[in-house]
Amino acid sequence: DVCLPELVSDMVDEVVAQKPRPTKENVAHYMKEALGEKHGKFTSRVGNTPMVEVPSPNPKVKILVKCEFMNPTGSIKDRIAEHMMNEAEAEGKLIPGKTTVVAASSGNTASAVAMLCSVRGYKCKIFTNTKCSTEKINSVRAYGGEMIVGPSGKPADHPEHYQNLAVAAAKEPNSWDVDQYDNMRNPEAYYRSLGPEIWRQTNGEVTHFIAAGSTGGTVSGVSKFLKEQSDKVTCI
């Protein structure tokens, strides 16, 4: 058995340590070979993460935690990246070797998109700001992606806000914008995967679902599914 996040971390470290410094083309080839062949169908490990019970302060309440860090790049965002790219491919919006995938991200989606682009043969251009962790920036570059770090603290309507930089870049020919903040495939990914997993793993006995929100995709997609199964489920 392989702990996937540790596997990725080890490969990133191996790539970064190469001397002379590897080119983007060599990095992409290395990661594609490692992820796609050496360790099998790596991206097929997206989703179906374990659920574990943690200590509860109330003996009448069982608290279960979904281990989303067990996704290939270590976060829940692998789910939306995979789903949105699958749907875009099915619609003919993505062409390997031709299309450049553009995404605005504060970190996790960036790594997920870069990993999938490396495996599937797309160039990717990720926009973030200075609040993004060094580890996430390095992971995107190790996957062969281009990482553009803009200034933080810009208003949402400012042209230098990292989301607006991505929108502008996506207007270039042969570009496709992940657009995680407005793409309805985002909540749909959780509706189709995470929601059913939670329902199945709790044998339909879940009473409360709690999630932190950023784009809102997780809480809205999972909540929609769970509410369809039982209107007694409380979503927070």
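This text goes with the structure placed above it.
Since this is a predicted model, take the numbers as computed values, not measurements.

**Brief notes about helix H3 (residues 77–90)**
Part 1 of the argument: In this model, H3 (14 residues) spans 20 Å end to end at C-alpha, consistent with the 20 Å of a helix rising 1.5 Å per residue.
Part 2 of the argument: Within H3, 11 of the 14 residues are buried, which leaves the element mostly enclosed by the surrounding structure.
Part 3 of the argument: Of the surrounding secondary structure, the elements contacted by the buried residues of H3 are strand S2 (63–66), helix H4 (108–120), strand S6 (175–177), helix H7 (185–192) and helix H8 (194–201).
Part 4 of the argument: Residue Gly92 follows H3 closely and has a positive phi angle near 80°.

**Some details on the packing of H4 against helix H5 (residues 134–142)**
Part 1 of the argument: Axis separation between H4 and H5 bottoms out at 8 Å; the angle between their running directions is 15°. Relative to H5, the element H4 is oriented roughly parallel. The two elements H4 and H5 meet at a crossing, and its hand is left-handed. Listed contacts from H5 to Asn108, Ala110, Ser111 and Ala114 of H4 are Lys136, Ser139 and Val140.

**Regarding the packing of aromatic side chains**
Part 1 of the argument: Taken as a whole and judged by the stated rule, the model has 1 aromatic pair.
Part 2 of the argument: When the centroid spacing of 5.8 Å and the interplanar angle of 75° are considered together, the rings of Tyr191 and Phe225 count as edge-to-face. In this pair, Tyr191 sits in helix H7 while Phe225 sits in helix H9 (residues 217–229), placing the two residues 34 residues apart along the sequence.
Part 3 of the argument: According to the relative accessible area criterion, Tyr191 is partly exposed, its value standing at 25%.
Part 4 of the argument: Directly above the aromatic system of Tyr191 lies the positively charged group of Lys224, at a separation of 5.0 Å from the ring centroid.

**Quick look at unusual backbone geometry**
Part 1 of the argument: Even without a glycine there, the phi angle at Asn48 is positive, about 55°.
Part 2 of the argument: With a phi angle near 60°, Asn174 is a residue other than glycine that sits in the positive phi range.
Part 3 of the argument: Judged by its relative accessible area of 44%, Asn174 falls in the partly exposed class.

**Some words on the sheet that holds strand S3 (residues 100–104)**
Part 1 of the argument: Read from one edge to the other, the open sheet built from 4 strands follows the order S5-S4-S3-S6, with strand pairing classed as parallel. Each having just a single partner strand, strand S5 (146–150) and S6 make up the two edges of the open sheet. The mean inter-strand angle of the sheet, taken between neighbouring strand axes irrespective of direction, is 20°.
Part 2 of the argument: By the bridge criterion, 3 bridges tie S3 to S6 in an arrangement that is parallel. Within the sheet, the bridge partner assigned to Val102 lies in S6 and is Asp177.

**Here's the deal with the environment of Asp182**
Part 1 of the argument: Following the sequence through the fold, Asp182 ends up in the loop between S6 and H7.
Part 2 of the argument: Classification of Asp182 as exposed rests on a relative accessible area of 59%.
Part 3 of the argument: Put simply, Asp182 and Thr215 are 33 residues apart on the chain and 8.3 Å apart in space, counted from C-alpha to C-alpha.

**Notes on H7**
Part 1 of the argument: Within the sequence span of H7, burial applies to Asn186, Pro187, Ala189 and Tyr190. For H7, the buried positions fall inside an angular range of 150° around the axis, keeping them on one side.
Part 2 of the argument: Residues of H7 that are buried sit in contact with H3, H8 and H9.

About the cut-offs
Residues numbered from 1 in each chain as written. Predicted model: local features only at pLDDT ≥ 70, side-chain atom pairs only at ≥ 80, totals over all residues. Heavy atoms only, no water. Helix = DSSP H or I, 4+ residues; strand = E, 2+ residues; numbered from the N terminus. Expected span 1.5 Å × (residues − 1). Buried < 20%, exposed > 50% of the residue type's maximum accessible area, 1.4 Å probe, protein only. Contact = heavy atoms within 4.5 Å. Axes fitted to C-alpha atoms, helices over the stretch in contact; angles between N-to-C directions. Parallel < 35°, antiparallel > 145°, perpendicular 65-115°, else oblique. Left-handed = near helix turned anticlockwise from the far one by under 90°. Phe/Tyr/Trp six-rings, centres within 6.5 Å; stacked < 30°, edge-to-face > 60°. Lys NZ or Arg CZ within 6 Å of the ring centre and 35° of its normal. Pairing = 2+ DSSP bridges. Arc of directions from axis to C-beta.

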